[in-house]
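Given next are the chains, with one letter for each unit.
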Amino acid sequence: MKAVVLATFGQAERLELRDVAEPTPGRDEIKVRVVAAGINPIDWKLRSGALQPYMPIELPAVLGRDVAGEVVAVGAGVTRFRVGARVCGLVRHGYAEYVVAPEDNFAAVPMNLDLVEAAALPLVLLTGTQLVEAAVDVHAGESVLVTGATGGVGRVAVYVAKRRGGIVYAAVRAAHQVEAAKLGVHGVVALDDERQVETLPELDALADTVGGPTTQKLLPKLKRAGRIGSVVGEPPGAKELGLVVRAFMAHPDAKRLEELVNDVAAGTLVIPILRKFPLREAAQAHQLAENGGAGKVLLTT
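Residues numbered from 1 in each chain as written. Predicted model: local features only at pLDDT ≥ 70, side-chain atom pairs only at ≥ 80, totals over all residues. Heavy atoms only, no water.

> Describe the overall build of the chain, and please don't skip the residues or the numbers.
If you tally the helices and strands in the chain, you get eight helices and 15 strands. Taking 301 residues into account, the globule formula puts the C-alpha radius of gyration at 19 Å, and the chain, at 19 Å, falls close to it. In terms of its C-alpha atoms, the chain occupies a principal-axis envelope of roughly 55 × 40 × 35 Å. Relative to its 301 residues, the chain shows a buried fraction of 52%. Within the chain, contacts between residues separated by at least 24 positions form 63% of all contacts whose residues are at least 6 apart in sequence. Here the chain holds 33 positive side-chain charges and 34 negative ones, and the gap between their average locations is 2 Å. (Helix = DSSP H or I, 4+ residues; strand = E, 2+ residues; numbered from the N terminus. Rg over C-alpha atoms; globule rule 2.2 N^0.38 Å. Buried < 20%, exposed > 50% of the residue type's maximum accessible area, 1.4 Å probe, protein only. Contact = heavy atoms within 4.5 Å. Lys, Arg positive; Asp, Glu negative; His and termini not counted. Charge placed at Lys NZ, Arg CZ, Asp CG, Glu CD.)

> Can you break down the packing of aromatic side chains residue by residue, with the values?
Going through the model one piece at a time under the given rule, you end up with zero aromatic pairs. We note Lys31 situated over the ring of Tyr98; from NZ or CZ to the ring centre the distance is 4.9 Å. (Phe/Tyr/Trp six-rings, centres within 6.5 Å; stacked < 30°, edge-to-face > 60°. Lys NZ or Arg CZ within 6 Å of the ring centre and 35° of its normal.)

> An account of the sheet that holds strand β9 (residues 167-172) is requested, with residue identities and associated values reported.
One open sheet accounts for six strands, arranged β10-β9-β8-β11-β12-β13; its pairing is parallel. Only two strands of the sheet have a single neighbouring strand rather than two, namely β10 (187-190) and β13 (244-247). On average, each strand axis in the sheet is tilted by 20 degrees relative to the strand beside it, whichever way the strands run. Sheet analysis places strand β11 (residues 203-208) next to strand β12 (residues 222-230), joined by five bridges and oriented parallel. Residue pairing across strands places Ala207 opposite Gly229, the latter belonging to β12. Running at roughly 145 degrees to β12, helix α2 (residues 122-135) makes contact with β11, β12 and β13 of the sheet. Its contacts with the sheet place helix α3 (residues 152-163) against β8 (143-147) and β9, and it is angled at close to 165 degrees to β8. (Pairing = 2+ DSSP bridges. Axes fitted to C-alpha atoms, helices over the stretch in contact; angles between N-to-C directions.)

> I'd like to hear about the side chain of Lys296, residue by residue, with values.
Considering the arrangement of structural elements, one finds Lys296 in strand β15 (residues 296-300). In this view, Lys296 contacts Ile39, Asn40, Asp66, Ala120, Val124, Ile271, Pro272, Ile273, Leu274 and Arg275; residues no more than four positions away in its chain are not counted.

> Help me get a handle on the packing of helix α1 (residues 41-48) against helix α8 (residues 282-291), residues and values and all.
At a minimum axis separation of 10 Å, α1 and α8 run at an interaxial angle of 115 degrees. As summarised for this structure, α1 and α8 are arranged roughly perpendicular, according to the angle between their axes. Handedness of the α1/α8 crossing: left-handed. Contacts between α1 and α8 pair Asp43, Trp44 and Arg47 from the former with His286, Ala289 and Glu290 from the latter. Of the residues belonging to the contact of α1 with α8, the class tally is two nonpolar, one polar and three charged. (Parallel < 35°, antiparallel > 145°, perpendicular 65-115°, else oblique. Left-handed = near helix turned anticlockwise from the far one by under 90°. Nonpolar A, V, L, I, M, F, W, Y, C, P; charged D, E, K, R; others polar.)

> Give a detailed account of the pairing of β12, specifying residues and quantitative values.
Taken together, the four bridges between β12 and β13 define a ladder with parallel strand orientation. Pairing of Arg227 across the sheet is with Val244, part of β13.

> Give a detailed account of α1, specifying residues and quantitative values.
Ile42, Asp43, Trp44, Leu46 and Arg47 are the residues of α1 that are buried. At the exit of α1 stands Gly49, carrying a positive phi of roughly 90 degrees.

> Would you mind going over the pattern of salt bridges in detail, with residue names and values included?
This structure, assessed with the given rule, holds 19 salt bridges. Between Asp193 and Arg195 there is a salt bridge, with its nearest N and O atoms 3.7 Å apart. It is possible to trace a salt-bridge network through shared partners that takes in Glu133, Lys255, Arg256 and Glu259. (Salt bridge = Lys/Arg side-chain N within 4 Å of Asp/Glu carboxyl O.)

> For the nonpolar core, give the residues involved together with the corresponding values.
Formed by 87 residues in total, the largest nonpolar core has its most connected members in Phe106 and Leu125. Residues within four places of Leu125 in sequence aside, it is in contact with Val156, Leu257, Leu260, Val261, Val264 and Leu269. Leu145, Tyr169, Leu200 and Leu218 belong to the second largest nonpolar core, which has 16 residues in total. (Core = buried A, V, L, I, M, F, W, Y, C linked by side-chain atoms within 4.5 Å.)

The following block contains the structure:
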């Protein structure tokens, strides 16, 4: 089969389309013919080698955590899916024509949801919901600031926090304020405008998808014993301020993934698609995604 292979760490041009062995499903696993794979920040961070000290990978490697496609084979013990099922899931080695992973990593894709576009969903849906429900555990009436609110994970975090009855603020760059206001939040703040940051009220929680200096300047806005959930690592000095910090990585949750996929299919949750590229143009796709934009970038087979 064809797959996008990273042979050496570096820039996007290090990604190459190659022939590799086709995987076979083991017990409790399904094999999926991939129609599309999503590109996420973790992919280009792994590609560059920046995460080697924390999440080492062995080269050559096939990247990719999001896929959507059709089940073509099932291993022993599989009960949830049959051959022909439309699925999307959280996997490894997704930049390929076929992928194998445990059936509990996948959700069914409704017929009214485009199967290619479903590849944009698994990682952002699970990361955003686990950020709000587990890392900061937002309750009704609590104030929460979501950084990077117009990104995929941020949009999901805003959606889930609102569903829980939170008083949600969206934190974005000034250029994205108009888009953030469409999310129906309590307030929007431009992170690159110090005066706007100063107007923020005291917050119960911070759901952070940005990190770095941006997050550092928000720490004083949290209440004593306020909660920080982060998908980009623990903010330095946060615990010293008496804040509760939970940095995490998303994990599979088939039930919750299926619920949120159904919300996307119903139109109540929207994850924009920026552009689609064929597998052979993975380098160009990575460059576009890494430069930032309003929506997910997909690879199609």
